Amino acid sequence: MAKTSYEKALEKQQREQKKIAREAQIRERASAIVAGAKYIGDFHEMDRESEQLLKEILQQYDGNENNYVSFDLSALPRSLQDSISVGYEKLQMYGVLASANTYITGAELTLSESGKSYFNDKKIAESKAENHEEGKKMTRKQYDVFISHANKDKNEYVDSLNAAVRNLGVNIFYDTDVLSWGDNWKQVILEGTKSSEFAIIVISNNFFGREWTERELNEFLQQQNENRQKKVLPLLYGVSLDKLKKHYPELEEIQCIKAEEHDVEEIVILLAKELIKRYK
């Protein structure tokens, strides 16, 4: 029995709806993969399968000025052939294909300029990233940590803290170890504040009101505010938070730890964690 015009129209509508749904699924799948691809600096690196597909397309490109490629699927691995619709969609989302008109055994493709130069651009991006990482290593500060403290607290507490931190194998600015006969101690200390990644500030009753302890604290707070990067690590030694806030309200919103709640080994572990986060 022949189908009525209504039935034919209904079937056509259903086919169109299935096609639209299928295309939406392809776009959704492609979009998720492209969104998850990593960046090398500002360069958007494609996923492995997209790179493999682009390599094959470039091999079949004859260098014409219109960037056209009459693409034959037969050279592709079966896995890429089975997902070729998603592959074309991804390449367009990455911006390496300007257009893709597909058929059963291949496609008429148009490369973008960034598609033609993708692999060379990737090498340049990787080189820049390597140079950037090398530059970061080269600009690492002379000292990993500066221990700021009142001299009256040395024998009772700070010397033991310094010894424990030194067991980490890191570079420490501790005045007793750094200053030598004939040094201009003020100049050496100021240079140390500029050359240290972190500063453990041992704040005690002896710390308050001393010219150079407060000078050191202000130097580190200024650097922290300018760089917007954690630098000051306040360690309360025999003083309360209320007393700290009364003397140094600028430290009110900076997380402190108390010496009576942590032995020096625990403090060293906390410092090590900060150094790992900074240098990784």
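Use the structure listed above.
Residues numbered from 1 in each chain as written. Predicted model: local features only at pLDDT ≥ 70, side-chain atom pairs only at ≥ 80, totals over all residues. Heavy atoms only, no water.

> Would you mind going over the layout of surface pockets with me for this structure?
If a probe as big as a water molecule is rolled over the atoms, it shows which places are left empty. The computed volume of the largest pocket comes to approximately 370 Å³. Among the elements of the structure, β9 (232-236) and α12 (264-279) are those that each provide at least two residues to the lining of the largest pocket. Top element by residues in the lining of the largest pocket is α12. It accounts for 5 residues. The class makeup of the residues in the lining of the largest pocket is 11 nonpolar, 2 polar and 3 charged. (1 Å grid on protein atoms, 1.4 Å probe; cavity = no way out; pocket = protein on both sides within 12 Å on 5 of 7 lines; lining within 4 Å. Points joined across faces, edges and corners; volume = space filled by probe spheres on them. Helix = DSSP H or I, 4+ residues; strand = E, 2+ residues; numbered from the N terminus. Nonpolar A, V, L, I, M, F, W, Y, C, P; charged D, E, K, R; others polar.)

> Where do I start with the packing of helix α7 (residues 154-166) against α12 in this structure?
In helix packing, the relevant descriptors are the interaxial angle and the interaxial distance, both defined with respect to the helix axes. Their axes nearest at 9 Å, the elements α7 and α12 cross at an angle of 50°. Our classification of the angle between α7 and α12 gives oblique. For α7 against α12, the interelement crossing comes out right-handed. Judged by residue contacts, Tyr157, Ser160, Leu161, Ala164 and Val165 of α7 engage Val264, Glu265, Ile267, Val268 and Leu271 from α12. (Axes fitted to C-alpha atoms, helices over the stretch in contact; angles between N-to-C directions. Parallel < 35°, antiparallel > 145°, perpendicular 65-115°, else oblique. Left-handed = near helix turned anticlockwise from the far one by under 90°. Contact = heavy atoms within 4.5 Å.)

> Can you walk me through the side chain of Glu197 in this structure?
Relative to the helices and strands, Glu197 resides in strand β8 (residues 196-203). Among the polar contacts made by the side chain of Glu197, one reaches the side chain of Arg278 at a distance of 2.7 Å. Beyond its immediate chain neighbours, meaning those up to four positions away, Glu197 contacts Lys141, Tyr143, Asp144, Gln229, Lys230, Lys231, Arg278 and Tyr279. (Polar contact = N/O pair within 3.5 Å; in protein donor to acceptor, adjacent residues only side chain to side chain.)

> Whenever I open this one, the nonpolar core confuses me. Can you help?
In globular proteins that are soluble, nonpolar side chains generally tend to be buried together. With 25 residues, the main nonpolar core has Ile57, Phe71, Tyr88, Leu91 and Leu109 as its most contacted residues. Among the secondary structure elements, those contributing two or more residues to this core are α2 (48-60), β3 (68-72), α4 (84-94), β5 (106-111) and α6 (118-138). Sorting elements by how many residues they give to this core places α4 first, with 4 residues. In contact with Phe71, not counting residues within four places along its chain, are Leu53, Glu56, Ile57, Gln60, Leu76, Tyr88, Tyr103, Thr105, Gly106, Ala107 and Leu109. Ranked by size, the runner-up nonpolar core spans 23 residues in total, among them Ile189, Ala199, Phe208 and Cys256. (Core = buried A, V, L, I, M, F, W, Y, C linked by side-chain atoms within 4.5 Å. Buried < 20%, exposed > 50% of the residue type's maximum accessible area, 1.4 Å probe, protein only.)

> Is there a simple way to explain the sheet that holds strand β4 (residues 97-103) in this structure?
Adjacent strands of a sheet form backbone hydrogen bonds with each other and so pair up, either parallel or antiparallel. One open sheet holds the 3 strands; their spatial order is β3-β5-β4, and the pairing between them is antiparallel. Each having just a single partner strand, β3 and β4 make up the two edges of the open sheet. The mean angle between the axes of side-by-side strands here comes to 20°, regardless of whether they run parallel or antiparallel. Across 6 bridges, β4 lies against β5 in antiparallel orientation. Each bridged residue has a counterpart across the sheet, and for Thr102 the counterpart in β5 is Ala107. Against the sheet, α2 engages β3 and β5, with an angle of about 115° to β3. (Pairing = 2+ DSSP bridges.)

> What is the right way to look at the packing of aromatic side chains in this model?
Within this structure, the stated rule accounts for 9 aromatic pairs. An angle of 40° between the planes, with centres 5.3 Å apart, marks the rings of Phe43 and Tyr118 as tilted. One end of the pair, Phe43, is in strand β2 (residues 43-44); the other, Tyr118, is in helix α6, and 75 residues separate them in sequence. Look at Phe43 and you get buried, because its relative accessible area is 14%. On the basis of relative accessible area, Tyr118 is assigned to the buried category, the value being 3%. Between Tyr157 and Tyr237 the ring centres are 4.5 Å apart and the planes differ by 15°, which places this aromatic pair in the stacked class. Placement of the pair is Tyr157 in helix α7 and Tyr237 in the loop between β9 and α11 (241-247), with a sequence separation of 80 residues. As far as burial versus exposure is concerned, Tyr157 and Tyr237 are alike and both buried. (Phe/Tyr/Trp six-rings, centres within 6.5 Å; stacked < 30°, edge-to-face > 60°.)

> How should I be thinking about α7 in this particular structure?
Residues lying three or four places apart along an α-helix face the same way, a consequence of the helix completing one turn every 3.6 residues. Its 13 residues give α7 an end-to-end C-alpha distance of only 15 Å, which falls more than 12% under 18 Å, the value for a rise of 1.5 Å per residue. The secondary structure elements touched by the buried residues of α7 are β6 (143-148), β7 (172-173), α8 (175-178), β8, β9 and α12. (Expected span 1.5 Å × (residues − 1).)

> Explain the environment of Glu51 to me, please; I cannot follow it from the model alone.
Structurally, Glu51 can be placed in helix α2. Leaving out residues up to four positions away in the same chain, Glu51 has contacts with Glu45, Met46, Tyr118, Phe119 and Lys122. A polar contact of 2.9 Å, which involves the side chain of Glu51, links it to the side chain of Lys122.

> Could you clarify how one ought to interpret unusual backbone geometry in this entry?
With the exception of glycine, most residues fall at negative phi, and the peptide bonds are largely trans. For Asn67, which is not glycine, the phi dihedral falls at a positive 65°. Tracing the chain through its elements places Asn67 in the loop between α2 and β3. If you check the backbone angles, Arg228 has positive phi at about 55° while not being a glycine. Its relative accessible area of 79% is what places Arg228 among the exposed residues.

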